Amino acid sequence: MRRQAVPCCRKSHPQAAVPWSSWISNACAQEIPFRKYTPETVRNKVLESRGAILSLIGRGVEIVWNLGLYWSALTYDFFVGRDEEVVPYRARQLRNLLCDLGPSFIKAGQVLANRPDIIREDYMNELCILQDDVPPFPNQVAFAIIEDELGQPLEKIFSKISPQTIAAASLGQVYRATLRETGEDVAIKVQRPGIEPIIYRDLFLFRTLASFLNGISLQKLGCNAELIVDEFGEKLLEELDYTLEARNIEDFLENFKSDPTVKIPQVYKQLSGSRVLVMEWIDGIRCTNPQAIKEAGIDVNGFLTVGVSAALRQLLEFGLFHGDPHPGNIFAMRDGRIAYVDFGNVAVLSQQNKQILIDAVVHAVNEDYVEMANDFTRLGFLASGTDVSPIIPALEAIWQNSSGKGLSDFNFRSVTGKFNQLVYQYPIRIPERFSLVIRSLLTQEGICFTLEPDFKFLEVAYPYVAKRLLTDPNPALRERLIQVLFKDGVFQWKRLENLIVLAKENVAKMNNNPALQVKNKQNSRDWQVQKKLDLTDTIKDGARTFLIDAGIRRQLIMALTEDSRLHIQELFDAYRLVEDDIDIPSVALEVLRDLPDAIRDFMLTWSDSVLSDP
């Protein structure tokens, strides 16, 4: 994935004529910061003139007055003892207040809707409405912005354009149009007018307020409130630049180019700019309409399997994932594919974070709660040096209570609900990127349950993870596979069989999916469909490791001879599961190729040990 190749940079804006990869190299070489947001940049913009300062003061008074009235109402509710009974009303009042205060506050509400470490669940549920229900701005204003950005009259580019918005969000809104030149239907995303100075001004005020709350935030969350505002500001300014969203779309297109089950819209870069984005129109069915999906004859379980697999690939394979997959941003295509739109809010996970997430899965499988707690520190949920010992029993109780029901009854919402309680008891802070991960998983699980109440999320997720552990060429994942297969130094034969069965189940489910079958008929040269679980490379690596790694060789020999007996039957059972998934001649050739080096290493090790004996 291209994004991971740029460790020294974040977000900036090349000229349209310069290739993205070339600009990246130039930017890194010139040490141009790839980050639009800094507290200093925001301060300089809002204090650059007397008029800007007066506007800032007026905006500050407006915010303090409105929020002060709301806070006074909450305080009154508390003193008269009715604070719990009026929660639904106050939550709606907060949502309406945020809409009245404008785009920055709508966006803040959307973020709070996914931050259980900051706001209580009943308010979170109400604020979720902000993700798909925001008042639009007038058409004439939107059309003027489009013409100004593209430098041409609308009628010259589009033969028709929808008279009403298709969707309206906090930062922009979408129209459907038809290109005059080609007759193709497109979606036009246009930014709200004059929004950037408003955003900068509000971010300055947010950070000023946060400076007074640092003490409380450090005590409750383990970090200062200014850091939370900085994370929010960085993501918000990224979303303001539609040229960045166009590049996000290109990255997703590249990642899923060989996946016939996922549809990413093409972007028309020549018709797009920083405030206008023109994309291919997605002719799908919104996931908010389960009845229409079923009436279209779409295989619901196949569609959901595709969706879960696509989400996990984004998270664990690409490290670039859609940060806002609410039902309005995900569509079901009539051939069973899943389509994503709106790529303004994406998040990047480093290779290290991806590996730690997989570590967390491994530790959950092994019921290693000490390492699960340490994973929280490594991922940034706990400050470095925090004593994790009080958290270990709580994690054990949460996981055992949830997983003890089995895959059929497990769901992320129940685990997250229990974890939210943990957040209030310990100094846990959810980093912005992982709040997006949590939101992504919860939202997509919610879509699954809306379309199919009996859908088992983990029954799709576990087979995918099993296949990755068994087949991914990444050496780090092979190490995790060994961790899964050994517990307290004892080889887990049953666990190996379960992994193989789950991995084969993942391949079978994807092969039987209608989306794959449709694409196979189209004979597209780009589609790469895995017909069966291919473990040849895994076995080759295992054989090579056995030959050259004395420690692994000793462990495997002990696994075959533990309990004072040869485990030939277990080995035979495992072989029967994979015999059709291995190219035996290829493995044999690899072993013969490595055998001389292995014999030489063995002889050298043996001679060293003999010579070192007194």
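As a starting point, this report considers the structure included with it.

Definitions and cut-offs
Residues numbered from 1 in each chain as written. Predicted model: local features only at pLDDT ≥ 70, side-chain atom pairs only at ≥ 80, totals over all residues. Heavy atoms only, no water. Pairing = 2+ DSSP bridges. Helix = DSSP H or I, 4+ residues; strand = E, 2+ residues; numbered from the N terminus. Contact = heavy atoms within 4.5 Å. Axes fitted to C-alpha atoms, helices over the stretch in contact; angles between N-to-C directions. Parallel < 35°, antiparallel > 145°, perpendicular 65-115°, else oblique. 1 Å grid on protein atoms, 1.4 Å probe; cavity = no way out; pocket = protein on both sides within 12 Å on 5 of 7 lines; lining within 4 Å. Points joined across faces, edges and corners; volume = space filled by probe spheres on them. Nonpolar A, V, L, I, M, F, W, Y, C, P; charged D, E, K, R; others polar. Expected span 1.5 Å × (residues − 1). Buried < 20%, exposed > 50% of the residue type's maximum accessible area, 1.4 Å probe, protein only. Phe/Tyr/Trp six-rings, centres within 6.5 Å; stacked < 30°, edge-to-face > 60°.

Spatially, 4 strands are ordered β5-β10-β9-β7 in an open sheet, and the strand pairing comes out mixed. Since the sheet does not close on itself, it has two edges, and those belong to β5 (262-263) and β7 (285-286), each with one partner. Where β7 and strand β9 (residues 330-332) come together, 2 bridges link them in antiparallel fashion. By the bridge assignment, isoleucine 285 is partnered in β9 with alanine 332. Docked against the sheet, helix α14 (residues 300-318) engages β5, β9 and β10 (338-340), running at close to 45 degrees with respect to β10.

A few words on the packing of helix α9 (residues 195-212) against helix α11 (residues 225-240). The interhelical angle for the contact between α9 and α11, taken along N-to-C directions, is 170 degrees, at an axis separation of 9 Å. On the basis of their axis angle, the class for α9 and α11 is roughly antiparallel. Every residue of α11 that contacts α9 at Ile195, Glu196, Ile199, Tyr200, Leu203, Phe206, Arg207, Ala210 and Ser211 is listed here: Ala225, Glu226, Val229, Asp230, Phe232, Gly233, Leu236, Leu237 and Leu240.

The full count for this structure, using the stated rule, is 6 cavities of 30 Å³ or more. Size it by volume and the second largest cavity reaches roughly 90 Å³. In this structure, the second largest cavity is lined by Phe303, Leu304, Gly307, Val308, Ala311, Ile330, Ile338, Gln444, Ile447, Cys448 and Phe457. Of all the elements in the fold, those that place two or more residues in the lining of the second largest cavity are α14 and α19 (432-451). Per-element tally for the lining of the second largest cavity: the top contributor is α14, with 5 residues. Grouping the constituent residues of the lining of the second largest cavity by class yields 9 nonpolar, 2 polar and no charged.

With that settled, the discussion passes to helix α3 (residues 50-79). An ideal rise of 1.5 Å per residue puts 44 Å on 30 residues; α3 measures up with 42 Å between its terminal C-alpha atoms. Where α3 is concerned, the buried positions are Leu56, Arg59, Gly60, Ile63, Tyr70, Ala73 and Asp77. Elements in contact with the buried residues of α3: α2 (39-46), α4 (87-101), α5 (103-112), α6 (121-127) and α9. Two residues or fewer after α3 comes glycine 81, characterised by a positive phi angle close to 75 degrees.

Before going further, it helps to spend a moment on the environment of isoleucine 195. Within the element layout of this structure, isoleucine 195 appears in helix α9. Taking the relative accessible area as the measure of exposure, isoleucine 195 reaches 1% and is therefore buried. Along the backbone, isoleucine 195 and glycine 102 are 93 residues apart, and their C-alpha atoms lie at a distance of 9.3 Å. Apart from the residues lying within four places of it in its own chain, the contact partners of isoleucine 195 are Pro103, Ser170, Leu171 and Leu240.

Before going further, it helps to spend a moment on the packing of aromatic side chains. This structure, assessed with the given rule, holds 7 aromatic pairs. Where phenylalanine 78 meets phenylalanine 79, the ring centres are 5.7 Å apart and the plane angle is 70 degrees; that geometry is what we call edge-to-face. The class of phenylalanine 78 is exposed, set by a relative accessible area of 55%. The interplanar angle of 85 degrees and the centroid separation of 5.1 Å between the aromatic rings of phenylalanine 256 and phenylalanine 318 together place this pair among those described as edge-to-face. One end of the pair, phenylalanine 256, is in the loop between α12 (242-255) and β5; the other, phenylalanine 318, is in helix α14, with 62 residues separating them in the sequence. Across this residue pair, the class does not change: phenylalanine 256 and phenylalanine 318 are buried. Among the aromatic residues, ring-to-ring pairing joins Phe105, Phe206 and Phe232 into one connected group.

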